[in-house]
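Structural overview
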Amino acid sequence: MGLEPLEFAECLTDSPGFREKLHDHEKELERTSKAIKALIGDGKEVLAASKNLGKACKGFAQKLKDFKFECIGEKLTDDEARIAGSLSEFGTLIANVEEERERMLQQAQEHFTALEAFRKQQINSIKDEKRQFDKNTAKICQSLERYLNLKAKMNDNTLQEADAQLDLEIRGFREASMKYVLKVQEVQERKKFDFIETILAFMYSLFTFYHQGYEFNIELKDYSQNLQKTLQKTRDSFNSQKEYTENLMLKMLDNRSQVYEDGKPITQAKGGCTREGYLYLMEKKALGTTWIKHYCWYKKENKELHILPYNQVTGKLSQSTTEKLTMTSCVRRASQTIDKRFCFDVQVADRTDTLTFQAMSESDRRLWMDAMDGREPVYIKPKTTSDDSSLDDIGFQFVNKCIKAIEDRGLEENGLYRVVGVNSKVTKLISIGLDVKKREKMNLDDNTQFEIKTITSAIKNYLRSLPEPLMTYKFHSQFIQAAKQEAKTLRIHDIHTLVHKLPEKNFEMLEIIIKHLKTVSEFQDKNLMTVANLGVCFGPTLMKAEEETVAAIMDIKFLNIVVEILINNYEKIFGSTPDEPEMLNTGDTKMVPNSKRTIITDRFTPGVNHTMLSANTQSPTTSQPVYANKAPPPPTEKFRPIEKPIEFYNPAMAESSSGSSESINSSQSNHLSNSIPMSENPRKPVNMYGNAGVPEYGNVNALANRFALNIAGADNPMLNSSGLSMTGSLTGSLTGSIASNQTKPRPIKRTVRTLYRCEAENDSELSFEPNQLIFNVRASKEPGWLEGQLNGKTGLVPENYVEYID
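Cut-offs applied
Within every chain, residues take consecutive numbers counted from 1 along the sequence as written. Reporting in this predicted model follows two pLDDT cut-offs: at least 70 for local features of residues, and 80 or more for side-chain atom pairs to be given and counted; totals over whole chains, interfaces and linings ignore these cut-offs and use all residues. Just so you know, side-chain values use all the structure's heavy atoms and leave hydrogens and water out. The numbering of helices and of strands both runs from the N terminus, where a helix is a DSSP run of H or I of at least 4 residues and a strand a run of E of at least 2. Residue contacts are defined here by distance: any two heavy atoms, one from each residue, within 4.5 Å place the two residues in contact. Reported accessibility uses the Shrake-Rupley method at a 1.4 Å probe radius. Residues are deemed covered only where the shown protein chains occlude them. The convention used is that axes are lines fitted to C-alpha atoms, helices contributing only their stretch in contact, and that angles between N-to-C directions extend from 0 to 180 degrees. With respect to orientation, any angle under 35 degrees is reported as roughly parallel, any angle over 145 as roughly antiparallel, any angle of 65 to 115 as roughly perpendicular, and every other angle as oblique. Polarity classes work like this: nonpolar for Ala, Val, Leu, Ile, Met, Phe, Trp, Tyr, Cys and Pro, charged for Asp, Glu, Lys and Arg, and polar for all others, with Gly in that last group. Basic side-chain nitrogens of Lys or Arg form a salt bridge, by our definition, when they fall within 4 Å of a carboxyl oxygen of Asp or Glu. Exposure categories follow from relative accessible area, calculated using a 1.4 Å probe and restricted to protein chains: below 20% of the type maximum is buried, above 50% is exposed, and the middle band is partly exposed. Two strands qualify as a pair provided that DSSP identifies no fewer than 2 bridges between them. Residue-level confidence of the predictor, termed pLDDT, takes values from 0 up to 100. Patches here: salt-bridge-free residues with over 30% relative accessible area, like charges joined within 9 Å, nonpolar side chains (Val, Leu, Ile, Met, Phe, Trp, Tyr) joined within 5 Å. What makes a nonpolar core is a set of buried Ala, Val, Leu, Ile, Met, Phe, Trp, Tyr and Cys residues whose side-chain atoms join them at distances within 4.5 Å. Throughout this description, a polar contact denotes any pair of N or O atoms lying within 3.5 Å of each other; where both atoms belong to protein, one of them has to be capable of donating a hydrogen while the other can accept it, and for residues adjacent in sequence the pair is counted only when both atoms sit in side chains. Left-handed describes a crossing whose near helix is turned anticlockwise from the far helix through less than a right angle; right-handed describes the clockwise counterpart.

1. Observations regarding the overall build of the chain
- Helices and strands together make up the secondary structure of the chain, namely 20 helices and 14 strands.
- A sequence separation of at least 24 residues applies to 66% of the contacts in the chain between residues at least 6 apart.
- As displayed, the chain has an accessible area near 45800 Å², and 52% of this comes from carbon and sulfur atoms.

Below you can see the structure in the form of structure tokens.
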């Protein structure tokens, strides 16, 4: 039941009922004061606990942001970089939440301070008013007693004064009583809004903090979904690498296969060494001989033997320097001449004594003697080759039939290429498909005879059993370096270049496989085989390392990236040469015939700095880098080009620039007039210049040569004996020597890489960042400027801001 209101009229009568009601109000305010005080105490404990929690969370967030872990390998993939950076992202997110917590705590502290002020200034002030009211009550009661005790016989003046004094005191008591009642009721009403409003503000700040956490959770949701996909992709890659690593470990543990496999030792040395490992060296002492354990490595090309005393138990070097010896001979130590097993003697230059080593086993001794050309005979298991796996017409027909069967009835099968077939069935299919007599009887349309998983496993086994991987051992490391490029455009460009360096058969087979994989990826919603999954399946298949090592297994992730790039950029890589930005459009497909694919020479190696001769240099040794992942420092002027003559540069043919342009052009003219080399292989480019490089067209003779070269390069049917003789007339003079019905040669279009950042000052110029590729580059009418195409826009480019890469 609520409190009864206090009437001012009751202050006049001051009845016992009025006193009871006033007392109830006072007790209610006292109880409210104690409750508010307890609430403030608990609230401060909540704030203190939340503050400690925030401090711990901030520390945890900082540890997440500072956490660093290294992955195996010298270069991280995009997925590994994303995973490694996820901890920093999580730490940043938690730190942002804690910033909101700090703001909430600061506001909450102000709210509790206001609540304490309400309790002290409003409720506690009633106590002071009550004490004053009690004093006035006692005072008026005493005054009444004195007034009533006056004698009736007192004179009238004294009685009148007493009456006036009593009226004054009663008036003052009633005024104080009414003010006290007013104050009590005012505090009772004020607590409805002053107190509750403060609590409401606290609740608003508290739940604002919680809402901010919800908002951060929404931001985390998209990031976490992408990260989860990356983690799943990394887990699948790990499972694949784990299988390779375990197989390599088991192979290394098998003593029977440790000695030789396919004519090569499995445990080959690294860092240019022919052989390395532990050997015991016999040292003669005064009282006998001792055997000291050394770690040794031998370089066969210069016969250098390095020995370093090392104790594996203590993990400390017996001496800080390595002794380097030059070996002259190595002979097996006869067992009857020494009481130790597995020994061999080594003669070194500058020493008359013989060094006697003890190997770890008989096979280890044979390997050391084989590396040192010792006299111990070595049995080498003959290397066997199989004619069943080669890039011949039979192999192409087999792969094409398998791909046709898969695309006809298996593109929607779950786990295509990831689910393996039964080994016996796969072997049977390969033996039939590669047998000249039986291949015609092979029926891949019958699902009961050959399942889709059997056909996909047969394709992978065929590619793995090739004498050399489809993308060759020669370019294996270069493909890995291309995949490690920082910018994606550089990765695509370098891989594009390397693919066109492959042999013709390898290129054709690779094109067939990648085109098929692209088709498979288009049905990923049904077969669940994304481009990333196909990269995991075909990375080691197409680019197996020449030597099985843990380092090679760790590089599989980059092989997978190469396959992903090939699939995602199939039309560009196989539909155009590296120096062509666009593909030929022939109907529905944008491809160029394989017969017109040009072989890219070794003028460019991904990840290696090449050099370009300056116009003023006289020797190739004075050069500047023109191909690197990072551009050189920008010029000091404000993004304006320095005018200089246009250089046509070929890094594979560059030689000394000494001599006059007239003599160069003259020699070229004589060379062309004698004979123009014609390539028998349409894939092989014709080098018209020999070793002279690409000339500068400084006079009429050079321009005539250029015109003749364009005609030859265009496979012009008019270029015959009369066309060859026409070259001589071109070198003499251009005026009147070119027939009117002859086609004017197209300007040479090339590709350049940007060196610096540039901002366009008008619409006719291009804006670009360092390390971007600009295509269709040709000379401009503006001095010091080139004209090229970037992102579909054609404009001017400062000549000294770019470098030619083709």
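Read on, since the account is not over.
2. Some thoughts on the packing of helix α3 (residues 78-148) against helix α4 (residues 156-253)
- Contact pair α3 / α4: the axes reach a minimum separation of 9 Å and the direction vectors enclose 170°. One way to sum up the angle between α3 and α4 is to call them roughly antiparallel.
- Per-class residue counts for the contact of α3 with α4 are 35 nonpolar, 16 polar and 14 charged.

3. Observations concerning the pattern of salt bridges
- Tallied over the entire structure, the rule returns 30 salt bridges.
- R101 serves as the salt-bridge partner of E98, at 2.7 Å between the closest nitrogen and oxygen. Remark: R101 and E98 occur in helix α3; sequence separation between them is 3 residues, near one turn of the helix. The residues E98 and R101 share a single accessibility class, namely buried.
- E186 is the salt-bridge partner of R190, the closest N and O atoms lying 3.5 Å from each other. Taken together, the positions of R190 and E186, both in helix α4 and 4 residues apart, correspond to about one turn of that helix.
- Here the salt bridges do not stand alone but share partners, grouping D79, R82, K233 and E564 into one network.

4. With respect to the pairing of strand β10 (residues 750-754)
- Across the 5 residues that make up β10, a large majority, 5, are buried.
- Here β10 shows a buried face lined by R750, V752 and T754 and a second buried face lined by T751 and R753.
- Here 3 bridges tie β10 to strand β11 (residues 773-779), and the two strands are oriented antiparallel to one another. When the sheet's bridge partners are listed, R750 is paired in β11 with V777.
- The pairing of β10 with strand β14 (residues 802-804) spans 3 bridges and is antiparallel. Counterpart to T754 in the pairing with β14 is V802.

5. A look at the confidence of the model for the chain
- On average, residues of the chain carry a pLDDT of 74, and 74% of them reach 70 or more.
- By mean pLDDT, strand β8 (residues 611-613) is the weakest element of the chain at 34, and helix α12 (residues 504-521) is the strongest at 94.
- The model gives residues 598-745 a pLDDT under 50, and that stretch makes 214 contacts with residues more than four places away or in other chains.

6. Let's talk about a nonpolar patch on the surface
- A grouping of M203, F207 and Y210 is seen on the molecular surface, where their side chains present a nonpolar patch of about 310 Å² in accessible area.
- Take Y210: it is sitting in helix α4.
- Y210 gets classed as partly exposed once you look at its relative accessible area, which sits at 46%.

7. Some words on the nonpolar core
- By size, the foremost hydrophobic cluster in this structure holds 66 residues, and its most contacted members are F398, L463, F479, V499, L510 and L542.
- Broken down by element, the residue count for this core peaks at 9 residues, all from helix α16 (residues 556-568).
- Discounting residues that sit within four places of it in the chain, L510 has contacts with L470, M471, V499, L502, L542, L566 and F574.
- In this structure, C11, F173, Y180 and V187 belong to the second largest nonpolar core, which totals 30 residues.

8. Brief notes about the side chain of T230
- As for its position among the elements, T230 is in helix α4.
- Here the side chain of T230 touches R82 through a polar contact of 3.3 Å, side chain to side chain.

9. Description of the side chain of N533
- Position of N533 relative to the elements: it lies in helix α14 (residues 531-542).
- A polar side-chain atom of N533 sits 3.1 Å from the main-chain carbonyl oxygen of L528.
- Excluding residues that lie within four positions of it along the chain, N533 makes contacts with D236, R418 and L528.

10. Topic: the sheet that holds β10
- Strand order in the open sheet formed by 5 strands is β13-β12-β11-β10-β14, with antiparallel pairing between adjacent strands. Two strands lie at the open edges of the sheet, namely β13 (793-798) and β14, each paired on one side alone. This sheet shows a mean twist of 45° between the axes of neighbouring strands, independent of strand direction.

11. Brief notes about the packing of α4 against α14
- Contact geometry of α4 with α14 gives a least axis separation of 10 Å together with a crossing angle of 15°. Comparing their axes, α14 and α4 come out roughly parallel. Relative to α14, α4 is oriented so that their crossing is right-handed. Facing α4, whose interface residues are K233, D236, S240 and Y244, α14 presents A532, N533, V536 and P540.
- For the contact of α4 with α14, the class distribution of residues is 4 nonpolar, 2 polar and 2 charged.

12. Topic: the environment of L510
- With respect to the helices and strands, the residue L510 is situated in helix α12.
- Given the relative accessible area of 0%, L510 is considered buried.

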